[in-house]
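Coordinate analysis (summary)
Next come the chains, spelled out residue by residue.
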Amino acid sequence: MKPTSLLARSALAGALVSLSLACAAQAPQAKEAPAATDGIPALVPSVRAAHAARATMLASTRAGERIVAVGDHGVVLLSDDGGRSHRQARQVPVDVALTSVSFIDARQGWAAGHWGVILHTTDGGETWQIQRSDAAQDRPLFAVHFFDEKQGVAVGLWSLVLRTEDGGAHWQPVELAPPQGGKRADLNLFGLFADARGRLFAPAERGMVLRSDDRGRSWSYMPTGYAGSFWSGIAGLGGTLLAAGLRGSMYRSVDDGGSWQRVDTHTESSITALAGAGSRIVGVGLDGLVLSSEDGGASFAASTREDRLPLTSVVLDGQGRATMYSRQGVVAATSTKDPSAR
């Protein structure tokens, strides 16, 4: 199999990929396949466990007032009290790493992950149904984003792009052109984020950010001047774009991606996730890294948690307070000075 740097919220589990954010080493480790039937792996339901809150979590988002976090072994955690407590979803039909989650309202959402899995929920994450899987090959999906109840996009390994116009009942592949100077489209696409005008962006390898102005039908490449991998991105107020990833690298654009400038993050720890609320942006990363900006990403303050947890995801409430997740599960609030706290 072609080597990858499975960052994007995917392999972050001990046997997944150092961290699906290529956590510890950026070098992927193959995940053991589900039990095989006639040579093709069989997907089995996730198991409810008392220690679910300590599972590797890879992505989180808001479903109305609820927080929904997804991770290794099909674990889905729900919090209805701002992240103070979590419980496991009642029913998840797959025991594979879930790398991304997207909700359009308090009830309806989608999750994506390894084995090309896409799941759908209509009850705020309590129960999930399989919409898509491809167990014949483990071509993982690293991100999913829905614009509304019908239109959505998922991206993953080796320039894999899928889109739907019927709420996920059917997914069609989108063939990408090679980047300028390249012979084929083979970038790993690690994330998805949209701006206020509905334009969609995918942070990727080789310092690239891909952009779609038509909800995933066609894409253009935006080189940033960076040569490494971007694992996350966000669209802030006023059209500001941020892409972040390997070794503390972060780039910012204020002209729709036409030009990019490096942001000083004061760290060499890799950044795994960004979240925003108004002009406030919080980032998290490996080695317990926490970043905070109050000016829309023009500048950041950095701190390191004393426990140095490999942080993998962050979600903010309406006041900008952060709930974080890690390779060891839900992250307890810290009593030390933390720029993400309010």
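Just so we're clear, the structure is a prediction, and the values are computed from it rather than from any experiment.

Conventions we followed
- Residues numbered from 1 in each chain as written.
- Predicted model: local features only at pLDDT ≥ 70, side-chain atom pairs only at ≥ 80, totals over all residues.
- Heavy atoms only, no water.
- Pairing = 2+ DSSP bridges.
- Helix = DSSP H or I, 4+ residues; strand = E, 2+ residues; numbered from the N terminus.
- Axes fitted to C-alpha atoms, helices over the stretch in contact; angles between N-to-C directions.
- Phe/Tyr/Trp six-rings, centres within 6.5 Å; stacked < 30°, edge-to-face > 60°.
- Buried < 20%, exposed > 50% of the residue type's maximum accessible area, 1.4 Å probe, protein only.
- Core = buried A, V, L, I, M, F, W, Y, C linked by side-chain atoms within 4.5 Å.
- Salt bridge = Lys/Arg side-chain N within 4 Å of Asp/Glu carboxyl O.
- Polar contact = N/O pair within 3.5 Å; in protein donor to acceptor, adjacent residues only side chain to side chain.
- Contact = heavy atoms within 4.5 Å.
- pLDDT = per-residue confidence, 0-100.

Looking at the sheet that holds strand E8 (residues 109-113)
- If you trace the four strands from one edge of the open sheet to the other, you get E7-E8-E9-E10, paired in antiparallel fashion. On the outer flanks of this sheet lie strand E7 (98-103) and strand E10 (129-132), each paired with one strand and no other. The average angle at which neighbouring strand axes cross in this sheet is 25 degrees, direction not considered.
- Two elements, strand E9 (residues 118-121) and E10, share three bridges in a ladder whose sense is antiparallel. Across the sheet, residue His120 finds its bridge partner in E10, namely Gln129.

Re the packing of aromatic side chains
- By the definition in use, this model includes eight aromatic pairs.
- Ring plane angle 40 degrees and centroid distance 5.2 Å describe the contact between Tyr226 and Phe230, whose orientation is recorded as tilted.
- Taking the relative accessible area as the measure of exposure, Tyr226 reaches 15% and is therefore buried.
- Among the residues examined, Phe230 registers a relative accessible area of 0% and is labelled buried.
- With a centroid separation of 5.9 Å and 70 degrees between ring planes, the pair formed by Phe230 and Tyr251 is classed as edge-to-face. Linking Phe230 in strand E19 (residues 230-235) with Tyr251 in strand E21 (residues 250-253), this pair joins segments that are 21 residues apart in sequence.
- Members of the aromatic cluster, connected to one another through ring pairs, are Trp110, Phe146 and Trp171.

Quick look at unusual backbone geometry
- One non-glycine residue, His73, lies in positive phi territory at about 55 degrees.
- Residue position: His73 is located in the loop between strand E4 (66-71) and strand E5 (76-79).
- By relative accessible area, which is 41% here, His73 ends up partly exposed.
- A positive phi angle, close to 60 degrees, is found at Ser159, a residue other than glycine.
- Within the element layout of this structure, Ser159 appears in the loop between strand E12 (152-156) and strand E13 (161-164).

Things to note about the sheet that holds strand E17 (residues 208-212)
- Pairing within the open sheet is antiparallel, and its four strands lie in the order E15-E16-E17-E18. For this open sheet the edge positions go to strand E15 (193-194) and strand E18 (220-223), each flanked by a neighbour on one side alone.
- With two bridges connecting them, E15 and strand E16 (residues 200-203) associate as antiparallel partners. Bridge pairing links Ala194 to Leu200 in E16.

Focus on the nonpolar core
- In this structure, Val68, Val76, Val92, Leu98, Leu119 and Trp128 are the most contacted members of the largest nonpolar core, which totals 18 residues.
- Contributing elements (two or more residues each) for this core: strand E3 (57-63), E4, E5 and E7.
- Among the elements that line this core, the one with the most residues is E7, at three residues.
- Judged by nonpolar contacts, the second largest core, of 16 residues, contains Val161, Leu187, Leu192 and Ala202.

A word on the pattern of salt bridges
- In total, this model carries 17 salt bridges according to the counting rule given.
- Residues Glu126 and Arg66 are paired through a salt bridge, measuring 3.3 Å at the closest nitrogen-oxygen approach. Of this pair, Glu126 sits in the loop between E9 and E10 while Arg66 sits in strand E4, placing them 60 residues apart in sequence.
- Notably, a salt bridge pairs Asp148 with Arg215, separated by 3.1 Å at the nearest N-O pair. With Asp148 in the loop between strand E11 (141-146) and E12 and Arg215 in the loop between E17 and E18, this pair connects stretches of sequence that are 67 residues apart.

Focus on the pairing of strand E28 (residues 322-326)
- Most of E28 sits inside the fold, with four of its five residues counted as buried.
- Direction of pairing for strand E27 (residues 311-316) relative to E28: antiparallel, over a ladder of five bridges. Counterpart to Val315 in the pairing with E28 is Thr323.
- Where E27 folds back on E28, the antiparallel hairpin that results is connected by five residues, among which Gly320 adopts a positive phi of roughly 85 degrees.
- Of the pairings in the sheet, the one linking E28 to strand E29 (residues 329-330) comprises two bridges and is antiparallel in character. By the bridge assignment, Tyr325 is partnered in E29 with Val330.
- Between E28 and E29, which pair antiparallel in sequence order, lie two residues.

Points about the side chain of Ser79
- Mapped onto the secondary structure, Ser79 falls in strand E5.
- Among the polar contacts listed, one links the side chain of Ser79 to the side chain of Asp81, at a separation of 3.0 Å.
- If we ignore the near neighbours within four places in the chain, the residues touching Ser79 are Glu65, Arg66, Ile67, Arg84, Ser85 and His86.

Describing the confidence of the model for the chain
- In this model, the chain carries an average pLDDT of 88, and 85% of its residues clear a pLDDT of 70 or more.
- For the stretch residues 1-32, pLDDT sits under 50, and the model shows 125 contacts to residues farther than four places along the chain or on other chains.

Overview of the environment of Leu78
- Tracing the sequence through the fold places Leu78 in strand E5.
- What makes Leu78 buried here is its relative accessible area of 1%.
- Filtering out sequence-adjacent residues up to four positions away, Leu78 remains in contact with Arg66, Ile67, Val68, Ser85, His86, Arg87, Ala89, Gly124, Gly125 and Glu126.

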